[in-house]
Amino acid sequence: QVRLVESGGGLVQPGGSLRLSCAASGFTFNTYAMGWYRQAPGKERELVAGITNTGGRTSYADAVKGRFTISRDNAKNTVYLQMNSLQPEDAAVYYCSADRRYYTTTPNSYWGQGTQVTVSS
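Computed from a prediction, not measured in an experiment: that's the story for all the values here. (Residues numbered from 1 in each chain as written. Predicted model: local features only at pLDDT ≥ 70, side-chain atom pairs only at ≥ 80, totals over all residues. Heavy atoms only, no water.)

One can find Ala40 in the loop between strand 4 (33–39) and strand 5 (46–51). Separated by 31 residues in the primary sequence, Ala40 and Ser71 have C-alpha atoms spaced 23 Å apart. Excluding anything up to four places from it in sequence, Ala40 contacts Ala91 and Ala92. (Helix = DSSP H or I, 4+ residues; strand = E, 2+ residues; numbered from the N terminus. Contact = heavy atoms within 4.5 Å.)

Written out as structure tokens, the structure reads:
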């Protein structure tokens, strides 16, 4: 059974940091590219960051470049999203996704249940 379980969300003040984690199981983690997506109320889900199966390449949405860092630990079947200098516009439900294709989703993508990030003073 495939599972992606996100954690690490919460309430943070503007300018603060959070580190999201996504623990994967039920598939061969090191053969899948991973991505972090987010969806704010009333908006479409958007890709935030992606990382190849080996971790050798990463990509970011323009809105988060220089502030967010995606990484993975294949020994722990976990992908991370370090988020710094958070702003109110970063508030959303954050989802991790797994797909054999990099920086995209397909009907075969796996999804987690999401973790809420709230940025407010």
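Structure shown, so let's carry the discussion forward.
Notably, Ser85 is not glycine yet its phi reads approximately 50 degrees, a positive angle. Relative to the assigned elements, Ser85 resides in the loop between strand 8 (78–83) and strand 9 (92–99). Judged by relative accessible area, which is 37%, Ser85 ranks as partly exposed. A positive phi angle is found at Tyr103, which is not glycine, with a value near 60 degrees. Structurally, Tyr103 is set in the loop between strand 9 and strand 10 (110–111). (Buried < 20%, exposed > 50% of the residue type's maximum accessible area, 1.4 Å probe, protein only.)

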